[in-house]
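# Analysis of the macromolecular model
As a plain string of letters, each chain reads:
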Amino acid sequence: MDKIKQLSIPKDSRVIVISDIHGELALFKALLEKVQFSTEDYLIINGDLCEKGSNSKGVVSYVMELAATNPRVHVIEGNCETLVEELLNENPQLLGYLRARKDSIFHEWLQQIGVEITEETTVQHIKECLTKHFYKEIEWLTALPTAIETDEYIFVHAGLADIDDWKQTDRDTAVSLPAFLEKSHRSDKYVVVGHWPVGNYSTDVLVHNPIIDHEKKIIAIDGGNNVKESGQLNALIMQRTNNETAYSFTYVDHYPTCKVGGDFKADPKMSGSISYPFYEIVPVERENHFTLCKQPGTNQLRYVKNEYIHRNEKGQFQAKTDISCAQISVKNGDIVSLLDDSCSGYSLIKKDGAVGWVEQNFICS
Ligand SMILES: [Mn+2]
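Keep in mind that this is a model prediction, so the values were computed, not measured. (Residues numbered from 1 in each chain as written. Predicted model: local features only at pLDDT ≥ 70, side-chain atom pairs only at ≥ 80, totals over all residues. Heavy atoms only, no water.)

## Here we look at the domain arrangement of the protein chain
- Segmenting the protein chain into domains produces domain 1 (8-81 + 144-252) and domain 2 (257-362).
- Centre-to-centre separation of domain 1 and domain 2, based on C-alpha positions: 29 Å.
- If you look at the interface, domain 1 gives 17 residues, while domain 2 gives 18 residues.
- Together domain 1 and domain 2 conceal approximately 1,200 Å² of surface at their shared face, both sides included; 50% is due to carbon and sulfur atoms.
- The interface formed by domain 1 and domain 2 holds one salt bridge in total.
- Where Lys228 meets Asp322, a salt bridge forms, and the shortest distance between an N and an O atom there is 2.7 Å. (Domains from an automatic or database assignment. Contact = heavy atoms within 4.5 Å. Buried area = accessible area lost by both parts, 1.4 Å probe. Salt bridge = Lys/Arg side-chain N within 4 Å of Asp/Glu carboxyl O.)

What follows is the structure, encoded as structure tokens:
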């Protein structure tokens, strides 16, 4: 990759890292408020500002403004930002992408200037319109670095190649490598990535919180905002003092919260989750609320909530989406997020980033 930015961060700073905002301006602002972001902080935005959410252009404008007025705000590109180069290169495949994806910064921009995509629209025409009206944004997006290197960290959207000189990682790998936490790198620095929702790594309970792997020196922070139904927008907080770094995190999501009205103890036989790409399941035993299923992709047995099981066009059983197969213990008075209370007998909740089922009687709405 060519675009690597060197950054020196003073030892006593607080560093906040947020990735994969995906057009969620309100959530992003709420998260900055929750961490009490100030101009004293370093803020690293780890790629994928746009696409998937409803206000991509709002996020891009807001972050451009933040970075222009605050020298401690730094942004790197994700695979969603590199789409702008496909536009500049007049890649005809971009039309197919735009027809399939309704929520895109290109649609928002085109709508703003009253241009509609029809059967006859060419990528050249879109390029002409957008570069004329959004020159500043496009220039800013294409100039974003692929990685930021500090004395202790490498910030990159998706990951690094497992090679001696990480700077030789090609840009495509850097912005779109899947499942970096299952791979490794050879840098002596911590590599902070987004891109791959951490929920995909859950083996026990489905959890969307950042994962810090000190052995691999990888920190994965994508909470699956706008990708996973129960996902969240995470902020990783690194407070540096003397020679130590204290890590913490917080998150925001769209779900309402509620107070638990009684103690509920999770059934330990219910654990794990169904996660991308292993949606195929084979029902073994149907019970009142959950069905014990085999999950051929992982060779595990999972209890899947009956309402989340459907058949695809080929008649095969599938989980409808990523779904927790675990129950969660809660105590009287706990504040939890209510994700789904439309099912029989049990409600889906999130407690401290972990998603699971609780008997409905314990949940007050
Ligand atoms: Mn990404």
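## A short note on the coordination of the manganese ion
- Each protein donor to the manganese ion is listed here as Asp48 (OD), Asn79 (OD1), His157 (NE2) and His195 (ND1); together their distances run 2.1 to 2.3 Å.
- Motif for the manganese ion, donor spacing along one chain: D-x30-N-x77-H-x37-H. Of this pair, Asp48 sits in the loop between strand S3 (42-45) and helix H2 (56-69) while Asn79 sits in the loop between strand S4 (73-75) and helix H3 (83-88), and the two are 31 residues apart along the sequence.
- Taking the relative accessible area as the measure of exposure, Asn79 reaches 24% and is therefore partly exposed. (Donors = N, O, S within 2.8 Å, 3.2 Å for Na, K, Ca; no water. Helix = DSSP H or I, 4+ residues; strand = E, 2+ residues; numbered from the N terminus. Buried < 20%, exposed > 50% of the residue type's maximum accessible area, 1.4 Å probe, protein only.)

## Re the pairing of strand S6 (residues 153-156)
- Going residue by residue along S6, you find Tyr153 and Phe155 tucked away on one face and Ile154 and Val156 tucked away on the opposite face as well.
- Pairing between strand S5 (residues 147-149) and S6: three bridges, direction antiparallel. Within S6, the position partnered with Ala147 by the bridge is Val156.
- By the bridge criterion, three bridges tie S6 to strand S7 (residues 190-193) in an arrangement that is parallel. Bridging across to S7, Ile154 finds its partner in Val191. (Pairing = 2+ DSSP bridges.)

## Observations regarding the nonpolar core
- Core analysis: the biggest nonpolar cluster contains 46 residues, and Ile18, Phe28, Leu43, Leu49, Phe106, Leu130 and Trp140 have the highest contact counts within it.
- When sequence neighbours within four positions are dropped, the list of residues in contact with Phe28 reads Ile18, Ile21, Ile45, Tyr62, Val63, Leu66 and Leu233.
- Counting 32 residues, the second largest nonpolar core, distinct from the first, contains Cys325, Val336, Leu348 and Val358. (Core = buried A, V, L, I, M, F, W, Y, C linked by side-chain atoms within 4.5 Å.)

## Quick notes on the environment of Lys102
- Note that Lys102 resides in the loop between helix H4 (93-100) and helix H5 (105-112).
- Distance in space between the C-alpha atoms of Lys102 and Ser184 is 35 Å, their sequence separation being 82 residues.
- Of the polar contacts made by the side chain of Lys102, one reaches the backbone oxygen of Arg99; its length is 3.0 Å. (Polar contact = N/O pair within 3.5 Å; in protein donor to acceptor, adjacent residues only side chain to side chain.)

## Remarks on the side chain of Arg240
- Mapped onto the fold, Arg240 is located in strand S11 (residues 233-241).
- There is a polar contact of 2.2 Å between the side chain of Arg240 and the side chain of Glu152.
- Look past the residues within four positions of Arg240 in its chain and what remains in contact with it is Ile9, Pro10, Lys11, Asp12, Ser13, Val15, Asp151, Glu152 and Thr245.

## Let's talk about H5
- Burial in H5 covers these residues: Ile105, Phe106, Glu108, Trp109 and Leu110.
- Packing partners of the buried residues in H5 comprise H2, H3, H4, helix H6 (123-133) and helix H7 (135-143).
- Remark: Gly114 follows H5 within two positions and exhibits a positive phi of approximately 70 degrees.

## Some remarks on unusual backbone geometry
- Of note, the bond from Tyr276 into Pro277 is cis; its omega dihedral lies within 30 degrees of zero at 0 degrees.
- Along the chain, Pro277 falls in the loop between strand S14 (273-274) and strand S15 (282-286).
- We note that His195 has phi near 70 degrees; this positive angle belongs to a residue other than glycine.
- Summarising the element assignment, His195 is placed in the loop between S7 and strand S8 (206-207).
- Look at His195 and you get buried, because its relative accessible area is 14%.
- Positive phi values are uncommon outside glycine, yet Asn226 reaches one of about 70 degrees.
- Residue Asn226 is classed as partly exposed on the basis of its relative accessible area, which comes to 31%.

## Notes on H7
- Regarding H7, the residues found buried are Glu137, Ile138, Trp140 and Leu141. One side of H7 carries all its buried residues, which in axial view fall inside an arc of 165 degrees. For H7, exposure combined with an orientation more than 90 degrees from the buried face picks out Tyr135, Lys136 and Ala143.
- Its buried side turned inward, H7 meets H2, S4, H3, H5 and H6. (Arc of directions from axis to C-beta.)

## Let's talk about the packing of aromatic side chains
- Counted by the stated rule, this structure contains 12 aromatic pairs.
- Look at Phe106 and Trp109: their rings are 6.3 Å apart centre to centre, the planes differ by 85 degrees, and that puts the pair in the edge-to-face class. Residue Phe106 and its partner Trp109 are both found in helix H5; the two are separated by three residues, about one turn of the helix. Neither Phe106 nor Trp109 differs from the other in exposure class; each is buried.
- On the basis of an interplanar angle of 45 degrees and a centroid distance of 6.4 Å, the ring pair of Tyr190 and Tyr247 is categorised as tilted. You can see Tyr190 sitting in strand S7 and its partner Tyr247 sitting in strand S12 (residues 244-252), a full 57 residues away along the chain.
- Looking at Tyr190, the relative accessible area reads 15%, which means it is buried.
- Through pairs of rings, three or more aromatic residues link up here, namely Tyr153, Phe155, Tyr190 and Tyr247.
- The ring of Tyr251 has Lys34 sitting right over it, with the charged end atom 5.5 Å from the ring centre. (Phe/Tyr/Trp six-rings, centres within 6.5 Å; stacked < 30°, edge-to-face > 60°. Lys NZ or Arg CZ within 6 Å of the ring centre and 35° of its normal.)

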